[in-house]
Amino acid sequence: MAHPEDPEDEDAFHWAGDEVGGREGARLPSQQIQDDGAGPGEDVASPVPIARSHPATTIVTALFAVLYLAITVGWILGTGYTTAGSMQLLPQLLWQFGEFTAIVAGPLWFAGTVLMTRGGRLLTRAGWLALGLGVLLPWPVLPLLVVS
């Protein structure tokens, strides 16, 4: 057993890089070492600016959010009017999975488009969101709207 004042036990209290930068040195490669004139609480690196979106982008995104919510509600209503047509287990499971994916496809497309076009052009975001509306249209609900 090692003695409490053994130098090998002291190695456990040191981090890699302590010898180079001392206690004020960077622990991770992405961190910057502070200047000698900077205090312990002051950061030398400038803060990352927060990107603000244009008001038109916010308005268009909110409008599409309402439309995608309507598509999701349409798929929920549409799946209630259709059945698998079979009483066997596997077709029923596959039908239920298809209904689930139809319901969550709208919110996933919306979220994915907003995340992927963040900081991009308004027309790019609006184009992808409009394409999603066309692709994800709840077809089972449309005949119900025409008949009613």
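Since the model is a prediction, treat every value here as computed from it, not as a measurement.

**Some remarks on helix H3 (residues 55-80)**
An ideal rise of 1.5 Å per residue puts 38 Å on 26 residues; H3 measures up with 38 Å between its terminal C-alpha atoms. Of the residues making up H3, those classed as buried are Thr 57, Thr 61, Phe 64, Tyr 68, Ile 71, Thr 72, Gly 74, Trp 75, Gly 78 and Thr 79. Those residues of H3 that are buried lie in contact with helix H4 (89-116) and helix H5 (122-135).

**Examining the packing of H4 against H5**
It is the contact of H4 with H5, at a shortest axis distance of 10 Å, that shows an interaxial angle of 165 degrees. Here H5 runs roughly antiparallel to H4, going by the angle between their axes. The chirality of how H4 crosses H5 is right-handed. In this structure, H4 uses Trp 109, Phe 110, Thr 113 and Val 114 to contact H5, whose residues at the interface are Arg 125, Trp 128, Leu 129, Leu 131 and Gly 132. Grouping the amino acids of the contact of H4 with H5 by side-chain chemistry returns six nonpolar, two polar and one charged.

**Observations regarding the environment of Thr 101**
Along the chain, Thr 101 falls in helix H4. Thr 101 sits 26 residues away from Trp 75 along the chain, and the two C-alpha atoms are 9.8 Å apart. A polar atom in the side chain of Thr 101 sits 2.9 Å from the backbone oxygen of Gly 98.

**Looking at H4**
The end-to-end C-alpha distance of H4 is 38 Å, a good match for the 40 Å that 28 residues give at a rise of 1.5 Å each. Of all the bends found along H4, the most pronounced is centred on Ala 105 and spans about 35 degrees, while Pro 107, a proline, follows it within four residues. In this structure, the buried side of H4 is in contact with H3 and H5.

Thresholds, definitions, all that
- Residues numbered from 1 in each chain as written.
- Predicted model: local features only at pLDDT ≥ 70, side-chain atom pairs only at ≥ 80, totals over all residues.
- Heavy atoms only, no water.
- Helix = DSSP H or I, 4+ residues; strand = E, 2+ residues; numbered from the N terminus.
- Expected span 1.5 Å × (residues − 1).
- Buried < 20%, exposed > 50% of the residue type's maximum accessible area, 1.4 Å probe, protein only.
- Contact = heavy atoms within 4.5 Å.
- Axes fitted to C-alpha atoms, helices over the stretch in contact; angles between N-to-C directions.
- Parallel < 35°, antiparallel > 145°, perpendicular 65-115°, else oblique.
- Left-handed = near helix turned anticlockwise from the far one by under 90°.
- Nonpolar A, V, L, I, M, F, W, Y, C, P; charged D, E, K, R; others polar.
- Polar contact = N/O pair within 3.5 Å; in protein donor to acceptor, adjacent residues only side chain to side chain.
- Bend = angle between axes of the 7 residues up to and from the residue.

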